[in-house]
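# Structural characterization, general
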Amino acid sequence: MASLTTATDREDEGLTKAIPFYKDLHTKYVVQLGENTETYEYQASEHLRMSGVYWSLMAMELMNAGDLMKKEELAAWVVSTQQVDGGWGANRGHDTHLLYTTSAVQILAICGQLDKIDADKVASYVRSLQLEDGSFVGDKWMEVDTRFSYCALLTLAILKRLDRIDVKKATDFVSQCKNFDGGFGCVPGAESHAAQCFCCIAALSIGNALHHVDQDQLGWWLAERQCDSGGLNGRPEKQADVCYSWWVLSILEILGRSDWIDKEALKSFILRCQDEEGGGIGDHPGNMSDVFHTYFGIAGLCMLDFFDGKEHEFNQIHPTFALPEYVCKDLGLKAQFFQSVRYP
């Protein structure tokens, strides 16, 4: 029988094999981000420090280099920045917000230091942010967004406190954000976006409510996010961006539809976004690296099984919890999937 492999497929596979993954450069790049505290970039990113630490720690964990991150010091810093209401801000002196509270709990989970905080106090803070319709606000300014629904469910799942909120109302609200194309937006009626789809599908995965999802319709919409470059975009008519390697692939894994995209082309796109001199990964080939895209680029390669059989050991990431698989297993975290023999 004739092979259905196209010339483009063969070119992508050959290019993927030709471009190495610069692990040593990437680990050095991430470590230096935390050491070079006098740089403009470090000072200018104070407003997202907590999430930045999470991105850095996850990038290193996936590369099996987490021990270089001084976990005891990171955990101590996180514990010391918790505020009286039970939540965390982006940094010391910043207002509490659900996004940074989630990052703080994820950091402590990775560091094995969840016992250093009062889980009930954190759960009370998260519960205070749920509205009557089941949605969540991010902070006292009352913005509603499905990102916050995911953060709330994720945080409480890690802390084993999901019973502190109305999970059914939470997932029912998320289901109301579904659009005619199968995708999800930040609120009911908002445009479908791949990152919002991740938040919604992962929230429904934690809440055992994937019956609200049209598996094939959403899978098709996500598959159409692949561009000619091989990369994935967040919505129609946008350029590909490395971060969507995570947002899209994670959902496809949950849906059991990860084979609906050209994986070799995506691997090639991510590898071309590496900085072969200074380390790190940017959003597009040739662009400057940053820790956000470095983490999600590595996460994408992990989910594409790029590192299988390679000489260096790498840790797999869980598509629902955005944590290393071994951490999820240690914590006994469970999530719903359409079909999976790989994830608990």
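For the structure, check the block above.
Residues numbered from 1 in each chain as written. Predicted model: local features only at pLDDT ≥ 70, side-chain atom pairs only at ≥ 80, totals over all residues. Heavy atoms only, no water.

A few words on the pattern of salt bridges. What the rule picks out here adds up to twelve salt bridges. Linking Asp-115 and Lys-116 is a salt bridge whose minimum nitrogen-to-oxygen distance equals 3.8 Å. One salt bridge connects Asp-216 with Arg-257, and the closest N-O pair in it is separated by 2.8 Å. One end of the pair, Asp-216, is in helix α11 (residues 215-223); the other, Arg-257, is in the loop between α12 (244-255) and α13 (263-272), and 41 residues separate them in sequence. By relative accessible area, Asp-216 is classed as partly exposed at 39%. Judged by relative accessible area, which is 14%, Arg-257 ranks as buried. Several salt bridges converge on common partners, so that one network encompasses Asp-120, Arg-161, Asp-163 and Arg-164. (Salt bridge = Lys/Arg side-chain N within 4 Å of Asp/Glu carboxyl O. Helix = DSSP H or I, 4+ residues; strand = E, 2+ residues; numbered from the N terminus. Buried < 20%, exposed > 50% of the residue type's maximum accessible area, 1.4 Å probe, protein only.)

As a further point, take the layout of surface pockets. There is about 1,100 Å³ of room inside the largest pocket. Every residue lining the largest pocket is counted, 30 residues in all, and those nearest its centre are Val-30, Leu-33, Gly-34, Tyr-42 and Ser-56. Elements that contribute at least two residues to the lining of the largest pocket include exactly α2 (23-35), α3 (40-44), α4 (49-62), α5 (71-80) and α14 (291-303). A per-element tally of the lining of the largest pocket places α2 first, with seven residues. Its residues assigned to classes, the lining of the largest pocket comprises 15 nonpolar, nine polar and six charged. Taken together, 23 residues line the second largest pocket, and the ones lying closest to its centre are Ser-51, Trp-55, Leu-99, Cys-151 and Trp-247. Take the lining of the second largest pocket: its biggest share by element is five residues, from helix α6 (residues 98-111). (1 Å grid on protein atoms, 1.4 Å probe; cavity = no way out; pocket = protein on both sides within 12 Å on 5 of 7 lines; lining within 4 Å. Points joined across faces, edges and corners; volume = space filled by probe spheres on them. Nonpolar A, V, L, I, M, F, W, Y, C, P; charged D, E, K, R; others polar.)

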